[in-house]
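The chain contents come next:
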Amino acid sequence: AQSVTQLGSHVSVSEGALVLLRCNYSSSVPPYLFWYVQYPNQGLQLLLKYTSAATLVKGINGFEAEFKKSETSFHLTKPSAHMSDAAEYFCAVSDTGANSKLTFGKGITLSVRP
Amino acid sequence: DAMVIQNPRYQVTQFGKPVTLSCSQTLNHNVMYWYQQKSSQAPKLLFHYYDKDFNNEADTPDNFQSRRPNTSFCFLDIRSPGLGDAAMYLCATSRAILSGRATDTQYFGPGTRLTVL
C-alpha cells in the first residue's frame with residue numbers, strides 16, 4: 001500500500017522568499033511521484049513529476065523537486081515566491097503496476113505575504 | 001489545445017433530485033477518472049474507466065454511477081443527492097503506457113462544484 005504525508009496544512013512565506021513544501025511517501029515498489037497545484041475553484045494542474053529518471057525534477061512556474069530515496073522524500077521548492085503562487089499544493093504517489101492509481105496527500109495551503 | 005472539459009462548472013440541485021455531471025476530453029486518453037473533493041480535503045477516487053472497463057472503488061456509494069458512451073465522454077450520475085454529496089467533482093484522464101495497464105500522468109479538468117439544497 002502506498003501513502004503520502006504532507007506535514008502541516010498551511011505554509012506562509014513572504015514574497016521573494018524560498019518556498020519549501022514537504023512530502024514524504026511510502027511505497028513498496030518504485031514509485032512515480034507528482035506535485036499538483038490547485039487554485040480556488042479550479043481543477044488540479046500538474047507542476048512536475050518523477051518517474052525514475054533524473055532525481056532533480058524541474059517543473060512549471062519555477063518549481064522543482066528532488067527525489068531522495070534514502071529519505072523517502074519528494075520536497076517541492078521554489079527559490080523566490082510570487083504572489084501568484086498562493087494556492088493548494090498536493091503531493092501524490094502512484095505505483096507502476098497494473099491499474100495504477102494516485103494516492104494524494106492531504107494538501108498544503110501556501111500563502112504569500114506582500 | 002488538448003484538454004479536459006467539465007460541464008457545468010457550477011451545478012445546484014435539490015435534495016434527492018438526480019443530477020448528471022459531464023466530462024469530455026480531446027487528449028484521446030483511454031483512461032478516465034471521477035474524483036470527489038470536499039472542502040480542504042484531497043481528491044477521493046470514486047471510479048475509473050479503462051477503455052470501456054468500469055472499475056468501482058470499494059467505498060463508493062451505490063448512489064454514484066457512471067457512463068462512458070465513447071472515448072471522449074464520461075458522465076457522473078448521482079441518483080439521489082444528499083447534503084453530504086455537496087463537493088467539487090473532478091474528472092481526470094490518462095493514457096495506459098504498458099500492456100500491464102499501468103497508467104501515465106493524470107490530467108484534470110476544472111471541476112464541477114455541486115451544491116445540494
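Residues numbered from 1 in each chain as written. Chains lettered and ligands numbered in written order. Predicted model: local features only at pLDDT ≥ 70, side-chain atom pairs only at ≥ 80, totals over all residues. Heavy atoms only, no water.

Peer 1: Honestly, the overall build of chain A in this entry has me stumped. Any pointers?
Peer 2: For chain A, the helix and strand inventory stands at 0 helices and 12 strands. Overall, chain A shows an N-to-C arrangement of helices and strands of β-β-β-β-β-β-β-β-β-β-β-β. Since a compact globule built from 114 residues should have a radius of gyration of about 13 Å, the 14 Å found for chain A is in line with a globular shape. Considering only C-alpha atoms, chain A reaches an extent of 45 × 30 × 25 Å along its principal axes. Burial analysis of chain A (114 residues in total) assigns 43% to the buried set. Considering only contacts in chain A between residues 6 or more positions apart, those separated by 24 or more positions represent 56%. Surface exposure of chain A reaches about 5,400 Å², of which carbon and sulfur atoms provide 53%. The averaged location of the 7 negative side-chain charges in chain A is 4 Å from the averaged location of its 9 positive side-chain charges. (Helix = DSSP H or I, 4+ residues; strand = E, 2+ residues; numbered from the N terminus. Rg over C-alpha atoms; globule rule 2.2 N^0.38 Å. Buried < 20%, exposed > 50% of the residue type's maximum accessible area, 1.4 Å probe, protein only. Contact = heavy atoms within 4.5 Å. Areas by Shrake-Rupley, 256 points an atom, 1.4 Å probe, with all protein chains shown as cover. Lys, Arg positive; Asp, Glu negative; His and termini not counted. Charge placed at Lys NZ, Arg CZ, Asp CG, Glu CD.)

Peer 1: In this structure, what is going on with the pattern of salt bridges? I would like to understand it.
Peer 2: Side chains that differ in sign of charge can pair as their charged atoms come close. In the structure shown here, the tally under the stated rule is 5 salt bridges over all chains. For A:Glu64, the salt bridge identified is with A:Lys58, shortest N-O distance 2.8 Å. Looking at A:Glu64, the relative accessible area reads 24%, which means it is partly exposed. Two residues, B:Lys44 and B:Asp59, come together in a salt bridge whose shortest N-O distance is 3.4 Å. Of this pair, B:Lys44 sits in strand β5 (residues 44-50) while B:Asp59 is found in the loop between β6 (53-56) and β7 (64-67), placing the two residues 15 residues apart along the sequence. (Salt bridge = Lys/Arg side-chain N within 4 Å of Asp/Glu carboxyl O.)

Peer 1: Would you take a moment to explain unusual backbone geometry for this structure?
Peer 2: For residues other than glycine, phi is negative in most cases, and the peptide bonds are mostly trans. A cis amide bond links B:Asn7 to the next residue, B:Pro8, at an omega of -15 degrees. If you trace the backbone, B:Pro8 turns up in the loop between β1 (4-7) and β2 (10-13). The backbone phi angle of A:Asn41 is positive, close to 55 degrees, even though this residue is not glycine. Among the secondary structure elements, A:Asn41 is positioned in the loop between β5 (32-38) and β6 (44-50). The class of A:Asn41 is partly exposed, set by a relative accessible area of 32%. With a phi close to 60 degrees, B:Ser40 is a non-glycine residue in the positive phi region. The exposure class assigned to B:Ser40 is exposed, which follows from its relative accessible area of 69%.

Peer 1: Whenever I open this one, the nonpolar core confuses me. Can you help?
Peer 2: Side chains of a nonpolar character, in soluble globular proteins, are inclined to be buried together. All names here are of chain A. Within the largest apolar cluster, 26 residues are counted, with the highest numbers of intra-cluster contacts made by Trp 35, Leu 47, Leu 48, Phe 74, Leu 76 and Tyr 89. Those elements that provide at least two residues to this core are β3 (19-21), β5, β6, β8 (64-68), β9 (73-78), β10 (87-94) and β12 (108-113). For this core, the element with the most residues is β10, which contributes 4 residues. Once residues within four sequence positions are removed from consideration, Leu 47 is found in contact with Trp 35, Tyr 36, Val 37, Gly 59, Ile 60, Asn 61, Phe 63, Leu 76 and Tyr 89. (Core = buried A, V, L, I, M, F, W, Y, C linked by side-chain atoms within 4.5 Å.)

Peer 1: What is the right way to read the sheet that holds strand β3 (residues 19-25) of chain B from this model?
Peer 2: Two strands in a sheet stick together by hydrogen bonds in their backbones, pointing the same way (parallel) or opposite ways (antiparallel). Residue and element names in this part refer to chain B. In space, the 4 strands of this open sheet follow the order β1-β3-β8-β7, with antiparallel pairing throughout. Single-partner strands in this sheet number two, and they are β1 and β7. The mean angle between the axes of side-by-side strands here comes to 20 degrees, regardless of whether they run parallel or antiparallel. Note that β7 and strand β8 (residues 73-78) share 4 bridges and pair antiparallel. Bridge pairing in β8 places Phe 64 opposite Ile 78. (Pairing = 2+ DSSP bridges. Axes fitted to C-alpha atoms, helices over the stretch in contact; angles between N-to-C directions.)

Peer 1: I keep staring at the packing of aromatic side chains and nothing clicks. Help me out?
Peer 2: A ring pair, where both rings are aromatic, is described by two values, the distance of the centres and the angle of the planes. Using the criterion set out here, one finds 16 aromatic pairs over all chains in the structure. Taken together, a centroid distance of 6.2 Å and an interplanar angle of 25 degrees make the contact between A:Phe34 and A:Tyr36 stacked. Each of the two residues, A:Phe34 as well as A:Tyr36, counts as buried. Relative to B:Phe75, the ring of B:Phe73 has its centre 6.4 Å away and its plane inclined at 15 degrees; by these criteria the two rings are stacked. One aromatic cluster is present, built from ring pairs that chain together A:Phe34, A:Tyr36, A:Phe90, A:Phe104, B:Tyr33, B:Tyr35 and B:Phe108. (Phe/Tyr/Trp six-rings, centres within 6.5 Å; stacked < 30°, edge-to-face > 60°.)

Peer 1: Is there a simple way to think about the environment of A:Phe63 in this case?
Peer 2: Residue and element names in this part refer to chain A. Residue position: Phe 63 is located in the loop between β7 (56-58) and β8. As a C-alpha pair, Phe 63 and Pro 114 span 51 residues in sequence and 20 Å in three-dimensional space. Non-local contacts of Phe 63, meaning those with residues more than four positions away in its chain, are made with Val 19, Leu 47, Leu 48, Val 57, Lys 58, Leu 76, Thr 77, Lys 78, Asp 85 and Tyr 89.

Scope: geometric values only; no functional claims are made or implied.
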